[in-house]
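# Coordinate inspection notes
If you want the building blocks of each chain, they are given just below.
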Amino acid sequence: MAKDYYCPICKGQLRVKNSILLSAKSEQNEKGLIFLNSEIGDYSITTHPTFKVHEGQEYTFFCPICHATLNREENPQLVKIFLKDGDEEFEVYFSSLAGEKCTYKISDKSIEQIGPDANHYKQYFDVPEEDKKYL
Ligand SMILES: [Zn+2]
């Protein structure tokens, strides 16, 4: 079954084919659309050639439908969207820093950390001891 990613604010569907479509802005106010691979753990992105994503720079992400900011207010280095996978619902967080590879997939039952940089924000999620097997 297809995984559906949607905006936490307007619930608009963000997945188009195999990509998650978001609008993004760099610290230098460069703006564009970004296609993120919808496969968790695959960090390839696609943009128009005129919108270059600079490694190590922080980006602000927006819902392309309602334009809400998706970076967390309490920690702008994390971006939050929702995932519906069959009957299961998750919060999915990823880093707003270009090139930083970490994803957190969270339901009321489990916290899953994915990616080589996943330890960077693990204190933010306060991973319970019994879920350490996912690290
Ligand atoms: Zn939205």
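The model shown is predicted, which means the values in this text are computed figures rather than measured ones.

What follows deals with the coordination of the zinc ion. Donor atoms from the polypeptide that coordinate the zinc ion comprise Cys7 (SG), Cys10 (SG), Cys63 (SG) and Cys66 (SG), at 2.3 Å from the metal. Between the four donor atoms coordinating the zinc ion, the angles at the centre fall across 103 to 113 degrees, so the site counts as tetrahedral. We note that the donor set of the zinc ion lies within a single chain, spaced as C-x2-C-x52-C-x2-C. Here Cys7 is found in the loop between β1 (3–6) and β2 (15–16), whereas its partner Cys63 is found in the loop between β6 (60–62) and β7 (78–85), with 56 residues between them in sequence. Accessibility classification places Cys7 together with Cys63 in one group, the buried group.

So, on to the packing of aromatic side chains. As enumerated under the stated definition, the model contains six aromatic pairs in all. For the ring pair Tyr124 and Phe125, a centre distance of 5.0 Å and an interplane angle of 85 degrees mean the geometry is edge-to-face. Take Tyr124: its relative accessible area is 28%, and that puts it in the partly exposed class. Looking at Phe125, the relative accessible area reads 11%, which means it is buried. Ring pairs connect the aromatic residues Tyr93, Tyr104, Tyr124 and Phe125, which therefore count as one cluster. For Lys105, the ring lying beneath its charged end belongs to Phe90, and the centroid distance is 4.5 Å.

About the thresholds
Residues numbered from 1 in each chain as written. Predicted model: local features only at pLDDT ≥ 70, side-chain atom pairs only at ≥ 80, totals over all residues. Heavy atoms only, no water. Donors = N, O, S within 2.8 Å, 3.2 Å for Na, K, Ca; no water. Tetrahedral: all angles 85-135°; square planar, octahedral: opposite > 155°, others 65-115°. Helix = DSSP H or I, 4+ residues; strand = E, 2+ residues; numbered from the N terminus. Buried < 20%, exposed > 50% of the residue type's maximum accessible area, 1.4 Å probe, protein only. Phe/Tyr/Trp six-rings, centres within 6.5 Å; stacked < 30°, edge-to-face > 60°. Lys NZ or Arg CZ within 6 Å of the ring centre and 35° of its normal.

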